[in-house]
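The residues making up each chain are set out below.
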Amino acid sequence: MVYAGALAFLIACSPSSVSSPSDSLVSPSALPQTSAAPSPFPQATQTEFSTSAPTETLVPVPEIPQVTLDVLLDYNAHQADVIETIIYPNRTGDPLTQLVLAVEPNFWSGAFNLASASVDGNPITPILNDQYMEIQLPQVLAPDAATTLNFQYTLNLPVLRSPASGERHLTTFGYSDRQLNLAHWYPFVVPYLPGKGWGLHDPWLSGEHLVHDLADYTVHLHFSDPANPPIVAASGVEQESPQVGPASNFHHYRLQKGRAFAISASNEYLVSEQQAGDVLVRSYYFPEHQPAGQAVLQASTQAVQVYSDKFGQPPHPTLSAVEADFDDGMEFSGLYFLSRDYYARYDGTPQNYATLLAAHETAHQWWFERVANDQATEPWLDEALSTYSEYIFLESIYPNLTNWWWSYRVDSYTPKGWVDTTIYSGGKFRPYVNAVYLQGARFLRDLRTRMGDEAFFAFLCDYYSRMGGKISTKENFLTILRQHTSADVSDIIAGYFQDPR
Ligand SMILES: [Zn+2]
């Protein structure tokens, strides 16, 4: 797919500027199998071994958590039996006596049914209260040692529905009469944030509340009725292709350095795909929305190409856009959902939310997936950037629509509010979006005007490169920004931020 973005190459990120040091890490599967005593290797090689397990089993210490999920899905009963293993390396620098995990399905009564849990083979009983799971470790987990968690549980999915007024914003996990979504569906160890402790926040009326470390995922998906498998979209890369595809009766996925692995299944999906450089983009949509499904595919493909040039290489080799049988949209690793409402309102032109939000959700692969942030306390870091990325997409693909975008997407709402609003201080959907997304886009526009295009895009490339694989903060953003301009931007920051430090 070609696109009318020749100017992009004038200010494209150089390939060397987008590889992070972590890109060269060896995955644990490639590590030598140990039969030796404690590590003869220097620490930097990552081939360390822990002898802390009571069973004396030597556990290779991976750089990031290794998550394996074996899933038996009963599509018609909306139920999944899961065996999960997490090899968790302690990279916090502190000795740990406990681990805190997020268990989002436990917000629904009866949805998360834990059959067993163990640490390094020793059965344990975790504390489980709403999404909060706490595991007291049988012994201290030293820095740079690893421990292995195992869980067996059954998920009984809730019905997908819009939250009622005043209800917490939890919309993606569940089923409808034509779709089943495993989204934020497995326990995961939340990040340990320096100076803050475990990064697990409560959901609220608007926005997202989770913070994700990187992990490597291996997912095996079986069906209780393998003769009639649904069509499946997933975060990872299918391992046995091309023999197996979206309608296979067994799936084996791998996702490396991902934030959140999502799966969506339906008997009704139509699937279209297109290559965007090294990224295979797939669009999954319901049969009555074929033109919109194609438009979402095209916009996502074009957006991958634009952002690859403007920001740096995308994090994953696949991206799936999935028509959601719920409101709004939601980003995951290598996958995003976009509400059927936007497909239904698609009018055959690019001047609509199907196109704009396809560009927005695609941008989250850069701002959320590769460069993460605390979505509860600093949601602007991914949302302002993803919203302004819509504008950057239009500049390259539909340059005659840029003025329309400001008028339609931003100015018509006369947005107010601080860009550094949290999900807890933002109120309901519209005032929250106006402050974080729309004022956030104006903030980035004003920065760009003050700095000039060359410095602004050099900053974005550098920010993407240096914060890739990490959890960014406002301090990281502003520090890197100031390294790319000698212009005084303090008045702009003071105008948009409640806390302009
Ligand atoms: Zn967003």
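Once a new chain begins, its residue numbering starts again from 1 and follows that chain's sequence as written. Side-chain atom pairs in this predicted model are given and counted only at pLDDT of 80 or more, local residue features only at pLDDT of at least 70, and totals for whole chains, interfaces and linings cover all residues. In computing side-chain values, all of the structure's heavy atoms are included and hydrogens and water are not.

Enquirer: Could you clarify how one ought to interpret the overall build of the protein chain in this entry?
Expert: Counting secondary structure elements, the protein chain contains nine helices and 27 strands. Only protein chains enter the accessibility calculation, which uses a 1.4 Å probe; a residue is then buried when its area is under 20% of its type maximum, exposed when over 50%, and partly exposed in between. Among the 501 residues that make up the protein chain, the fraction classed as buried is 57%. Here a residue-residue contact requires only that any non-hydrogen atoms of the pair lie within 4.5 Å. If you take every contact in the protein chain between residues at least 6 apart in sequence, the share linking residues at least 24 apart comes to 70%. Under the convention used here, a 1.4 Å probe and the Shrake-Rupley method define accessible areas, while residue burial counts only the protein chains that appear. When the accessible surface of the protein chain is split by element, carbon and sulfur atoms take 52% of a total near 19,400 Å². Strands are runs of DSSP state E lasting at least 2 residues, helices are runs of H or I lasting at least 4, and numbering of each runs from the N terminus.

Enquirer: Teacher, can you tell me more about the pairing of strand S24 (residues 329–332) here?
Expert: For a regular strand, side-chain orientation follows a simple rule: the groups alternate between the two sheet faces. The alternating pattern of S24 places Gly 329 and Glu 331 on one face and Met 330 and Phe 332 on the opposite face, and all of these are buried. Note: two strands are recorded as paired if DSSP finds a minimum of 2 bridges between them. The pairing of S24 with strand S25 (residues 335–339) spans four bridges and is antiparallel. Within S25, the residue paired with Glu 331 across the bridge is Tyr 336. The turn linking S24 back onto S25 is made up of two residues, and Gly 334 within it adopts a positive phi angle of 60°.

Enquirer: Would you mind going over the coordination of the zinc ion with me for this structure?
Expert: By definition of the ideal shapes, a tetrahedral metal site with four donors has angles of 109.5 degrees and an octahedral site with six donors has angles of 90 or 180 degrees. Coordination here is defined by N, O and S atoms within 2.8 Å of the metal (3.2 Å for Na, K and Ca), and since water is not considered, a site can look incomplete. Within the first shell, the zinc ion binds the protein through His 360 (NE2), His 364 (NE2) and Glu 383 (OE), at distances of 2.0 to 2.1 Å. Each donor residue of the zinc ion lies on one chain, and together they are spaced H-x3-H-x18-E. Residue His 364 is located in the loop between helix H3 (353–363) and strand S26 (372–373), and its partner Glu 383 is located in helix H4 (residues 380–397); the two are separated by 19 residues in the primary sequence. Across this residue pair, the class does not change: His 364 and Glu 383 are buried.

Enquirer: Whenever I open this one, the pattern of salt bridges confuses me. Can you help?
Expert: One side-chain nitrogen of Lys or Arg within 4 Å of one carboxyl oxygen of Asp or Glu is enough to make a salt bridge. On inspection of all chains with the given rule, the structure shows 15 salt bridges. Across the salt bridge formed by Arg 91 and Glu 63, the nearest N and O atoms sit 3.7 Å from each other. Separated by 28 residues along the polypeptide, Arg 91 in the loop between strand S4 (79–89) and strand S5 (96–102) and Glu 63 in the loop between strand S2 (59–60) and strand S3 (66–74) bring together distant segments of the chain. Linking Asp 491 and Arg 450 is a salt bridge whose minimum nitrogen-to-oxygen distance equals 2.9 Å. With Asp 491 in helix H9 (residues 490–496) and Arg 450 in helix H6 (residues 429–451), the pair connects residues that are 41 residues apart, well separated along the chain.

Enquirer: I'm lost on the sheet that holds strand S10 (residues 146–156) in this one. Help?
Expert: To summarise the sheet geometry, strands pair through backbone hydrogen bonds and adopt either a parallel or an antiparallel arrangement. Reading across the sheet, the eight strands line up as S7-S6-S10-S4-S3-S16-S19-S18 and stay open at both edges, with mixed pairing between neighbours. Across the chains shown, the open sheet's two edge strands, defined by having one partner strand only, are strand S7 (122–123) and strand S18 (237–238). With seven bridges connecting them, strand S16 (residues 215–223) and strand S19 (residues 250–258) associate as antiparallel partners. Bridge pairing links Val 219 to Tyr 253 in S19.

Enquirer: Would you take a moment to explain helix H1 (residues 290–310) for this structure?
Expert: Every α-helix winds through 3.6 residues per turn, so residues three or four apart in the chain are directed the same way. What a helix should span is 1.5 Å times the count of its residues minus one. Helix length check: H1, at 21 residues, gives a terminal C-alpha distance of 30 Å against a target of 30 Å (1.5 Å per residue), a fit within 8%. For H1, the buried fraction is high: 17 of the 21 residues fall into the buried class. In the stretch just after H1, Gly 312 is the one whose phi turns positive, near 140°.

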